[in-house]
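One letter stands for each residue in the lines below.
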Amino acid sequence: MKNILFFLGKGGVGKTTSSVSLAYYLARKGFSVYLVSIDPAHNIFDILGANLSKNDEAIIAEEVDIDAYVENFIKETTNKMKQTYKYLQIINLDKMIEIMKYSPGMEEYAIMYALKEKVEANLDKDYIIVDTPPTGLMLKIFALPFNSKLWINKLIKWRKKILNARASIANINPSAIREDLPLNENEDDVLKELGIQSKIIDFMTNLFKNKTTKIILVLNQDLLSIKESVRIKKGLDSLGISLNLILLNKKGLVNTTDINISFKNLFKDIPIKEVPFLKSNFLDKNTLISLAELWADAVICN
């Protein structure tokens, strides 16, 4: 697994600026970088657009069209389900599959699959940097492979029992089982698909928990940002995912001594780096690199 860095945090704390800063910093160090945004409201090109030049071939940047990906994911999934369970048409249950597009969690699954696809396609890069959606959505995406693995394992177990029961019935009375229904595991499309999904889930689980994956939490000094960050840490802890660095961004924007003290107590076991607040609305490439120089060594492999 390559060096992969996720930037987490609530909206507006500076995740995108931080991820772009690191991309420029790594490129200047001679590393190849893939920078991707899976935030439906992504804006990495708002920052990169004025800065990216022919001298930045080391950076490949992409903003995933989440809406298009969700639509395509739903279409492919429903078509695959109809093909796999085509016998349901006989009892008019195939229409139930169409309801899947309205099911909760489809957006999260689509983003997770998009992330897998983009990571796999860029494993030749030295570093992969991921600018993520705000807290709520990203925590769901982190949790998906862990929760899905439990369900897939159960479904595989139940499916094997169904196939064994079919085979037993067919041995006693062959005419009781339709000829188009599989009787063994090697012929069963449902079991094959569950195996494919299991491998995808294993890839994502390994991606999130691998030692070369770094999770960077970006927050500001305000109370709401700190409370949101506590929620993120608790969510990651419950999944066994390590938080590797905290970026206290826009330091000096407000005078919050009491908040700073409580903040450091909450995250005392995690490295904390402070990034100063800059008044300028436009950050050029060199300024972005200088910001990354304050903390990059804490998460990259030299």
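Now for a look at the structure at hand. (Residues numbered from 1 in each chain as written. Predicted model: local features only at pLDDT ≥ 70, side-chain atom pairs only at ≥ 80, totals over all residues. Heavy atoms only, no water.)

Within this structure, the stated rule accounts for eight salt bridges. With a shortest N-O distance of 2.9 Å, lysine 149 and aspartate 202 are connected by a salt bridge. Note that lysine 149 is positioned in helix α6 (residues 135-172) and aspartate 202 in helix α7 (residues 189-209), a separation of 53 residues in sequence. Exposure remark for aspartate 202: the relative accessible area of 38% places this residue in the partly exposed category. A single network of salt bridges, built from pairs that share partners, joins Glu62, Glu117 and Lys118. (Salt bridge = Lys/Arg side-chain N within 4 Å of Asp/Glu carboxyl O. Helix = DSSP H or I, 4+ residues; strand = E, 2+ residues; numbered from the N terminus. Buried < 20%, exposed > 50% of the residue type's maximum accessible area, 1.4 Å probe, protein only.)

Together, Asp65, Asp67, Glu71 and Glu107 make up a region of like negative charge exposed at the surface. Turning to its location among the elements, aspartate 65 is positioned in the loop between β3 (59-63) and α3 (66-84). (Patch = residues over 30% accessible without salt bridge, like charges linked within 9 Å, V, L, I, M, F, W, Y side chains within 5 Å. Areas by Shrake-Rupley, 256 points an atom, 1.4 Å probe, with all protein chains shown as cover. Lys, Arg positive; Asp, Glu negative; His and termini not counted. Charge placed at Lys NZ, Arg CZ, Asp CG, Glu CD.)

A separate point is the nonpolar core. If you look at the biggest cluster of nonpolar residues, it comprises 55 residues, and the most contacted ones within it are Phe6, Leu8, Leu115, Phe142, Phe208 and Leu236. For this core, the element with the highest residue contribution is α6, accounting for eleven residues. Not counting chain neighbours up to four residues away, the residues in contact with leucine 115 comprise Phe6, Ile38, Val130, Met204, Leu207 and Phe208. (Core = buried A, V, L, I, M, F, W, Y, C linked by side-chain atoms within 4.5 Å. Contact = heavy atoms within 4.5 Å.)

Quick look at the sheet that holds strand β6 (residues 245-251) now. Consider a sheet: its strands pair through backbone hydrogen bonds, and that pairing is either parallel or antiparallel. Taken together, the seven strands give an open sheet; going across it, the order is β3-β2-β4-β1-β5-β6-β7, and neighbouring strands pair in parallel fashion. Across the chains shown, the open sheet's two edge strands, defined by having one partner strand only, are β3 and β7 (272-276). Sheet twist, expressed as the mean angle between neighbouring strand axes with direction ignored, is 20°. For strand β1 (residues 3-8) and strand β4 (residues 127-131), the ladder comprises five bridges, and the chain directions are parallel. Pairing of phenylalanine 6 across the sheet is with valine 130, part of β4. In this fold helix α1 (residues 15-28) packs onto β1, β2 (33-37), β3, β4, β5 (213-219) and β6, with an angle of close to 165° to the strand it touches most, β4. (Pairing = 2+ DSSP bridges. Axes fitted to C-alpha atoms, helices over the stretch in contact; angles between N-to-C directions.)

Moving on, we get to the packing of α6 against helix α8 (residues 223-239). As a packed pair, α6 and α8 sit with axes 10 Å apart at the nearest point and diverge in direction by 0°. One way to sum up the angle between α6 and α8 is to call them roughly parallel. Contacts from Thr135, Gly136, Leu139, Phe142, Ala143 and Phe146 in α6 reach Glu228, Arg231, Ile232, Gly235, Leu236 and Leu239 in α8. Of the residues assigned to the contact of α6 with α8, the class counts are seven nonpolar, three polar and two charged. (Parallel < 35°, antiparallel > 145°, perpendicular 65-115°, else oblique. Nonpolar A, V, L, I, M, F, W, Y, C, P; charged D, E, K, R; others polar.)

With that settled, consider the packing of aromatic side chains. All chains considered together, the criterion is met by seven aromatic pairs. For the pair phenylalanine 6 and phenylalanine 208, a centre-to-centre distance of 5.8 Å together with 65° between the ring planes defines the contact as edge-to-face. Of this pair, phenylalanine 6 sits in strand β1 while phenylalanine 208 sits in helix α7, placing them 202 residues apart in sequence. Among the residues examined, phenylalanine 6 registers a relative accessible area of 0% and is labelled buried. (Phe/Tyr/Trp six-rings, centres within 6.5 Å; stacked < 30°, edge-to-face > 60°.)

What follows deals with helix α10 (residues 285-292). Within the sequence span of α10, burial applies to Leu288, Ile289, Leu291 and Ala292. Seen along its axis, α10 keeps its buried residues to an arc of 155°; they face one direction. (Arc of directions from axis to C-beta.)

With that settled, consider the pairing of β6. The two faces of a sheet get side chains in turn, since along a regular strand they alternate between them. With five of its seven residues buried, β6 lies for the most part within the structure. Here β5 pairs with β6 via four bridges, running parallel. Bridge pairing in β6 places isoleucine 216 opposite leucine 245. In this structure, β6 lies alongside β7, joined through four bridges in parallel fashion. When the bridges of β7 are listed, leucine 248 appears paired with glutamate 274.

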